[in-house]
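Take a look at the letters that make up each chain.
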Amino acid sequence: MRKSDSRPHFTADNIRSFNVTSETTLLPFLIETLKDKNRTEIKALLKYRHIAMKDKPVTQFDTPLMPGDTVQVNFGRSYFKFSNPQVRILYEDQWMVVIEKASGLLSVANDNNRDRNAFAIVRDYVRHDNPDAELYVCHRLDQYTSGILMFAKNRDMQHELRDNWDFYVKERRYVCVTERVPARPEDEIRSLLTENERLQVHSTDNEDEGRLAITRYRVLQSRGRYALVDVEIFTGKKNQIRVHMAEMGCPIAGDIKYGAETNPARRLMLHNYRFSIIHPVSGELMTFRLPYPAVFRKLTQPDNVR
């Protein structure tokens, strides 16, 4: 996409307050006050809940106003407070939305679940500002992996990112808890990955069948049978980290599919905590960070520093 000379247009709050000095109704007041907006634009602000009084959205154009009243206009987005226990908005502009996804939530719909997934939740969110808005998938996280997930707001952005993913995405780091401590405190794993009929991914020597996956890891701390491991991936193959840890003899805790024997946190203990990307429009390098889940640290904290 062509680089813009300006920074991305954030659809974050951009609120201005206007004092009412004479008795009137809302639409004439807005027309008189917002001289840079035409009547159609002002009606759109009302329709899409950009106007509020006492922090409560107002949509009726004939709402009476009295001297001393204050009218608030949010030029950034509608007066809608997004709240979902499984999704947190990290960043939003006119081209993309970046979220934190909870473990257990699907990234996108599957045959058994069409509505309860991150894509549907975020799509409904962006449609509060524009009922015709669309959302497009750029990448995915496994259902039981938590962390940073990005969606595009238009198809051109989606195609640009997907077609040039390795150029734009500069860093993807995860933290996981493994059963057993890796023999080497840090290493790089390279293998060709393929998938069998049972939908399990595994390494293969067949160059025609497998696709190269590169994973670099470093052990941060360990306690008993568990290790806290920092992981950086240089390819984005399905189940890549899970397979590489398991084939090293250190499956991720909670990952029954790939050989884990325990589930101490009642979840797959894999978390995408850092994601860096060059914005395709602004050219800005953007880095998103999340803290490690507390249970990851607690489970692996050595006794001598507890």
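A brief structural summary.

Criteria and cut-off values
- Residues numbered from 1 in each chain as written.
- Predicted model: local features only at pLDDT ≥ 70, side-chain atom pairs only at ≥ 80, totals over all residues.
- Heavy atoms only, no water.
- Helix = DSSP H or I, 4+ residues; strand = E, 2+ residues; numbered from the N terminus.
- Buried < 20%, exposed > 50% of the residue type's maximum accessible area, 1.4 Å probe, protein only.
- Contact = heavy atoms within 4.5 Å.
- Lys, Arg positive; Asp, Glu negative; His and termini not counted.
- Charge placed at Lys NZ, Arg CZ, Asp CG, Glu CD.
- Core = buried A, V, L, I, M, F, W, Y, C linked by side-chain atoms within 4.5 Å.
- Phe/Tyr/Trp six-rings, centres within 6.5 Å; stacked < 30°, edge-to-face > 60°.
- Lys NZ or Arg CZ within 6 Å of the ring centre and 35° of its normal.
- Arc of directions from axis to C-beta.
- Polar contact = N/O pair within 3.5 Å; in protein donor to acceptor, adjacent residues only side chain to side chain.
- Patch = residues over 30% accessible without salt bridge, like charges linked within 9 Å, V, L, I, M, F, W, Y side chains within 5 Å.
- Areas by Shrake-Rupley, 256 points an atom, 1.4 Å probe, with all protein chains shown as cover.
- Salt bridge = Lys/Arg side-chain N within 4 Å of Asp/Glu carboxyl O.
- Pairing = 2+ DSSP bridges.
- Axes fitted to C-alpha atoms, helices over the stretch in contact; angles between N-to-C directions.

So, about the overall build of the protein chain. Looking only at helices and strands, the protein chain has seven helices and 17 strands in total. Judged by the C-alpha coordinates and their principal axes, the protein chain covers about 75 × 45 × 40 Å. With 306 residues in all, the protein chain has 48% of them scored as buried. Across the protein chain, the fraction of contacts at a sequence separation of at least 24, relative to all contacts at a separation of at least 6, is 64%. The positive charge centre, built from 47 side chains, and the negative charge centre, built from 41, are 4 Å apart in the protein chain.

Tracing the backbone shows R88 in strand β7 (residues 87–92). Under the relative-accessibility criterion, R88 is labelled partly exposed at 43%. Sequence separation between R88 and I99 is eleven residues; the distance between their C-alpha atoms is 5.4 Å. Setting aside chain neighbours within four positions, we find R88 in contact with V98, I99, E100 and L290.

Let's shift gears to the nonpolar core. Counting 41 residues, the largest nonpolar core has I99, V122, F151, V177, V231, I241 and I252 as the members making the most contacts within it. With near-sequence residues (within four places) excluded, I252 lies in contact with C176, V177, T178, I241, R242, M245, A260, L268, M269 and L270. If you look at the next biggest cluster of nonpolar residues, it comprises 21 residues, including M96, C138, I148 and L290.

Applying the stated rule across the entire model yields six aromatic pairs. Between the NZ or CZ atom of K170 and the centre of the ring of F167, over which it lies, the distance is 5.0 Å.

To continue, consider helix α2 (residues 39–47). Among the residues of α2, I42, L45 and L46 are the ones counted as buried. Each buried residue of α2 sits inside an arc of 100 degrees when the element is viewed along its axis, so together they form one side. Those residues of α2 that are exposed and angled more than 90 degrees off the buried face are T40 and K47. Among the structural elements, α1 (26–33), β3 (51–53) and β6 (70–74) are those in contact with the buried residues of α2. The N-terminus of α2 is capped by N38, whose side-chain oxygen sits 3.1 Å from the backbone nitrogen of T40. Backbone geometry just after α2 places R49 at a positive phi near 65 degrees.

Structurally, S276 is set in strand β16 (residues 270–278). Using a relative accessible area of 3% as the deciding quantity, one classes S276 as buried. S276 has contacts with Y168, V169, K170, E171, L285, M286 and T287, leaving out every residue within four places of it along the chain.

A separate point is a negative patch on the surface. Negative charge collects at one region of the surface, where D205, E207, D208 and E209 lie side by side. Residue placement: D208 occurs in the loop between β13 (201–204) and β14 (211–223).

Moving on, we come to the pattern of salt bridges. Under the counting rule described, the total for this entry stands at 17 salt bridges. Put simply, E134 and R127 hold a salt bridge, and the shortest N to O gap is 3.3 Å. Residue class for E134 comes out partly exposed when judged on its relative accessible area of 38%. A single salt-bridge network, built from bridges that share partners, covers E171, R173, D230, E232 and R274.

Moving on, we come to the sheet that holds strand β4 (residues 56–57). One open sheet holds the four strands; their spatial order is β1-β6-β3-β4, and the pairing between them is antiparallel. Each edge of the sheet is formed by a strand with only one pairing partner; in this case those strands are β1 (15–19) and β4. Sheet analysis places β3 next to β4, joined by two bridges and oriented antiparallel. Looking at β4, one finds that M53 is bridged to K56. Docked against the sheet, α1 engages β1, β3 and β6, running at close to 65 degrees with respect to β6.

So, on to unusual backbone geometry. Unlike most non-glycine residues, R180 shows phi in positive territory, near 80 degrees. Take R180: it is sitting in the loop between β11 (169–179) and β12 (186–195). Backbone geometry at N239 places phi at a positive 60 degrees, although glycine is not the residue there. Among the secondary structure elements, N239 is positioned in the loop between β15 (226–233) and α6 (240–247). Its relative accessible area of 6% is what places N239 among the buried residues.

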